[in-house]
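Read off the chains here:
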Amino acid sequence: MCGISGIVHSENIGRNLFNSIRNLEYRGYDSCGMAMLRQGELDLRKNVGGIDEVNSLEKLDQMQGSIGIAHTRWATHGGVTQENAHPHLSPNRQFVIVHNGIISNYQELRERLLKNGVVFESLTDTEVFVNLLEESYSNCNDLEKAFLAALGQIEGSFSIVMLSSHDPDHLYCVKKESPLLLGLGEGCNYVGSDLNAFLEYTRKAVVLDDGEYVVLGKNDYQIRKLQTRELVEKKVLHIDWDVETSKRGGYSHYMLKEIFDEPQTVRQALKIPLGQISGLATMFTESSRAYLMGVGTTYYVANISQYFFSTLADRYYPALSSDEFSVVNVESGDMVLALSQSGETYDTKSSLEYAKVHGAQTAAVVNVMGSAISMMVDQVIMQGSGPEICVVSTKAALAQTFIMLRVALELGRMRQQITLDVYQEHQRDLELFPQMVEQILNEQSGFVRNIARATSHVEHWLFLGCGVYYPVAMESALKMKEITYQHAEGMPAGFLKHGTLSMVEPALHSLFFVPLPEQKDLHDRTLIAMEQVKARGGTVIGIMFQGDERALAVTDQAVLLPQMSALCAPMAQMIMAQMFAYYAALDLGRNIDKPRNLAKSVTVG
Ligand code: F6R
């Protein structure tokens with residue numbers, strides 16, 4: 001997954017285009033480049049490294065021109081080299097493109113072009129397309145026709161933006177199963193693979209649908225259907241995300257800033273109208289079978305939600321990882337609810353398509369407005385968490401968890417599994433939660449930091465919990481792995497004695513997610529596992545609640561949270577674990593906002 005940006009203006013745009021890929025860097029960051037048209041000639045600069053690194057080598061921000069395209073890459077086809085970086089220029093230097101996605105038939109196209117004497121510079125699937133453009137243009141001498149003729153030969157999923165010296169006033173863009181949006185300014189227009197490409201310059205956006213292409217000028221744009229060339233009228237969206245919230249503020253990393261955004265994110269989740277929450281709950285009541293789906297962190301949010309539905313609404317809805325969803329035989333009458341921050345994740349999107357084809361109803365909780373998943377489902381809740389820039393998900397995951405808790409609570413009320421008194425008491429707990437999040441972030445960060453610092457050398461961790469704290473442990477282990485590159489294995493605390501206990505020794509650290517003592521069964525079971533580890537000389541760290549003397553007695557170090565409702569306790573622990581991973585990674589000097597080998601939204605299978 002990579003980031004695309006393009007600008008058409010009447011003024012010099014070098015600096016703005018550079019800023020725009022910088023704002024997309026979280027989408028991919030192993031190489032980047034820019035191409036601009038200057039005095040009729042295409043100027044291309046690209047190299048390997050993060051945006052600032054490449055800029056110091058290539059002076060991207062000093063490029064001149066009023067029309068240009070840019071790209072930040074996360075390698076899929078072809079290694080991380082200067083040649084493989086985008087943009088890609090045609091051999092005659094008249095066409096330059098940036099591309100996201102995969103041209104699936106590139107091998108056969110490449111072979112045909114090689115036979116015609118084309119010399120390739122890179123190993124990418126993308127480079128075949130600039131050669132097809134050159135070939136098509138020499139046949140018809142019409143840029144739009146050449147663009148369409150070249151597109152007619154490629155298969156796969158892609159978004160492409162082309163700039164050519166044959167038309168100094170327009171960018172040519174196409175979208176097929178890979179996101180692309182337009183940003184509409186005054187006397188200037190933008191194109192980007194997501195809103196962050198142009199949010200700094202305009203709030204007006206148009207979301208392109210699959211099979212549409214655009215000829216984009218500074219004062220005009222025409223969107224047409226690829227198949228028929230018919231003009232398409234599109235709705236202009238007003239994006240209410242605050243640019244400032246997407247900036248790092250005074251924080252040293254986006255991850256930390258986004259953790260500290262969490263009180264606000266939960267407030268936003270509380271503001272989602274009850275009608276939307278109960279609409280989703282009603283959808284569950286009307287379905288014969290329902291499944292919860294996500295991948296990576298959102299899979300764990302689905303798992304946490306599974307416990308919410310069981311305990312509050314007496315309904316068991318299995319949680320599945322999107323990449324494994326095809327094992328389920330969905331049919332008409334079933335429902336699939338997907339969770340996705342980006343709304344563009346390939347595994348989740350294709351599983352939703354599979355569910356739709358088989359007649360199931362679909363729903364989603366999504367953060368990014370205009371994203372593919374938000375547009376394709378029958379019912380969507382936009383979580384409104386604001387841009388999440390750090391590659392690992394924190395505030396978006398917390399907000400999704402909170403929203404799912406609201407849905408489960410509503411379903412519990414509808415199904416009369418909870419009395420009105422209990423429902424109202426739970427609602428009060430939810431309303432108090434943003435304040436509680438604020439309090440624990442302020443009070444606990446120092447303690448968490450000290451424990452993380454003291455244990456950052458630990459290479460192997462077990463993260464353990466019972467009941468709903470088990471998926472919290474799993475999600476927290478994922479966070480730890482992602483940003484520290486240390487090994488952390490999440491598992492149910494009761495599972496430990498069935499094998500993994502053999503690994504316990506002082507160097508193996510166990511982080512326990514200890515329930516409130518009033519959650520007696522869960523608490524007892526967790527304590528048994530803690531004692532088993534302790535008795536075998538293992539090191540025990542606990543995230544627990546104040547006053548829990550029993551748990552404290554078996555821990556080497558503990559984070560002590562204030563008393564709170566059992567409903568909110570797992571989410572509070574999730575936040576502490578995010579912070580724990582952050583500080584451990586900080587101590588290890590990791591690239592926290594952009595961990596190696598990862599990208600923010602994985603739009604490939
Ligand atoms: C982990 C993380 C990933 C994503 C996963 C799904 O911190 O961010 O595991 O949760 O790739 O992405 P979305 O939510 O965009 O569908």
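**Considering the sheet that holds strand β23 (residues 539–545)**
An order of β21-β20-β22-β23-β24 is seen for the five strands of this open sheet, with the pairing classed as parallel. In this open sheet, the two strands that pair with only one neighbour each are β21 (487–492) and β24 (557–561). Averaged over all adjacent pairs, the angle separating strand axes in this sheet is 15°, with direction ignored. Where helix α14 (residues 469–484) meets the sheet, it contacts β20 (460–465), β21 and β22 (509–513), and its direction lies at approximately 170° from that of β21.

**Observations regarding the domain arrangement of the protein**
Annotation of the protein at the domain level lists domain 1 (3–239), domain 2 (247–418) and domain 3 (443–598). Look at where the C-alpha atoms of domain 1 and domain 2 centre, and you get two points 32 Å apart. Facing the 10 residues of domain 1 at the interface are 10 residues of domain 2. Its largest share of buried area at the contact with domain 2, domain 1 owes to Tyr26, Pro179 and Val207, together 39% of the area lost on that side. Connecting domain 1 to domain 2 are zero salt bridges. At the surface where domain 1 touches domain 2, the tally comes to zero residue pairs in polar contact (both at pLDDT 80 or more). The class makeup of the residues in the side of domain 1 that touches domain 2 is six nonpolar, two polar and two charged.

**Considering the sheet that holds strand β19 (residues 379–382)**
As summarised here, the arrangement of the five strands in space is β16-β15-β17-β18-β19, forming an open sheet in which the pairing is parallel. Each edge of the open sheet is held by one strand with a lone partner, namely β16 (319–321) and β19. Strand-to-strand, the axes of this sheet are offset by a mean angle of 20°, without reference to chain direction. Both strand β15 (residues 289–294) and strand β17 (residues 334–340) contribute to a ladder of five bridges, which runs parallel. Note on β17: the bridge partner recorded for Ala290 is Met335. Relative to the sheet, helix α8 (residues 274–286) contacts β15, β17, β18 (361–366) and β19, its axis offset from that of β19 by approximately 145°. On the sheet, helix α9 (residues 297–313) packs against β15, β16 and β17 and is oriented at approximately 145° with respect to β15.

**Describing α8**
Every α-helical turn comprises 3.6 residues, leaving residues that sit three or four positions apart pointing alike. For α8, with 13 residues, the first-to-last C-alpha span of 18 Å sits near the 18 Å given by 1.5 Å per residue. Among the residues of α8, those classed as buried are Ile277, Ser278, Leu280, Ala281, Met283 and Phe284. In this structure, the buried side of α8 is in contact with β15, α9, β17, β18, β19 and α12 (395–414).

**Some points on unusual backbone geometry**
Cis geometry marks the peptide bond from His86 to Pro87, where omega comes out at 0°. Its location among the elements puts Pro87 in the loop between β4 (67–73) and β5 (88–89). Even without glycine at this site, Gln416 takes up a positive phi of about 55°. Here Gln416 lies in the loop between α12 and α13 (420–455). Using a relative accessible area of 71% as the deciding quantity, one classes Gln416 as exposed. Phi at Tyr485 is positive, roughly 65°, even though this residue is not glycine. Judged by its relative accessible area of 23%, Tyr485 is partly exposed.

**Notes on the site of the ligand**
For the ligand, the set of nearby residues contains 13 residues, the closest of which are Ser340, Gln341, Ser342, Thr345 and Glu482. One nitrogen or oxygen atom from the side chain of Thr345 is found 2.5 Å from an oxygen atom belonging to the ligand. In the model, an oxygen atom of the ligand is placed 2.9 Å from a nitrogen or oxygen of the Ser393 main chain. Look at the ligand: alone it shows 400 Å² of surface, and the protein chains cover 90% of it. Within the residue set of the shell around the ligand, elements represented by two or more residues are α9 and α14. Looking at the shell around the ligand residue by residue, the classes come out as three nonpolar, eight polar and two charged.

**Re the pattern of salt bridges**
Throughout the structure, instances matching the rule amount to 21 salt bridges. The shortest N-O distance in the salt bridge between Arg229 and Glu144 comes to 3.1 Å. With a gap of 85 residues between them, Arg229 in the loop between β13 (221–225) and β14 (237–238) and Glu144 in helix α5 (residues 143–151) connect regions that are remote in the sequence. Two residues, Lys234 and Asp209, come together in a salt bridge whose shortest N-O distance is 2.7 Å. Residue Lys234 is located in the loop between β13 and β14, and its partner Asp209 is located in the loop between β11 (204–207) and β12 (212–216); the two are separated by 25 residues in the primary sequence. When its relative accessible area of 18% is taken as the criterion, Lys234 is described as buried. Among the charged side chains, a network of salt bridges with common partners joins Asp209, Glu212 and Lys234.

Conventions and cut-offs
The numbering scheme is per chain: residues are counted from 1 as the chain's sequence reads. In keeping with the predicted nature of the model, local features appear solely for residues at pLDDT of at least 70, side-chain atom pairs appear and are counted solely at 80 or more, and the whole-chain, interface and lining totals rest on all residues. Just so you know, side-chain values use all the structure's heavy atoms and leave hydrogens and water out. Two strands pair if DSSP finds at least two bridges between them. Numbering of helices and strands runs from the N terminus; a helix is a DSSP stretch of H or I covering at least four residues, while a strand is a stretch of E covering at least two. Lines fitted to C-alpha atoms define the axes here, with helix axes fitted over just the stretch in contact, and angles between the N-to-C directions of these axes take values from 0 to 180 degrees. Contacts: residue pairs with any heavy atoms within 4.5 Å of one another. Segmentation into domains, and thus their bounds, comes from an automatic or database assignment. Once two parts are brought into contact, the accessible area they lose, counted with a 1.4 Å probe and summed over both, makes up the buried area. Here, a salt bridge means any side-chain nitrogen of Lys or Arg that lies within 4 Å of a carboxyl oxygen of Asp or Glu. A 3.5 Å cut-off defines polar contacts: any pair of N or O atoms within that distance qualifies, except that in protein one atom must be a possible hydrogen donor and the other a possible acceptor, and neighbouring residues in sequence count only when both atoms are side-chain atoms. Residues are grouped as follows: Ala, Val, Leu, Ile, Met, Phe, Trp, Tyr, Cys and Pro are nonpolar; Asp, Glu, Lys and Arg are charged; every other residue, Gly included, is polar. A helix is expected to reach a length of 1.5 Å times the quantity of its residues less one. Exposure classes here rest on a 1.4 Å probe applied to the protein chains alone. A residue is buried below 20% of its type maximum, exposed above 50%, and partly exposed in between. Each residue is tested against the molecule or strand, and it is near if at least one of its non-hydrogen atoms lies within 4 Å. Accessible areas in this description were obtained via Shrake-Rupley with a 1.4 Å probe; residue shielding takes into account the shown protein chains only.

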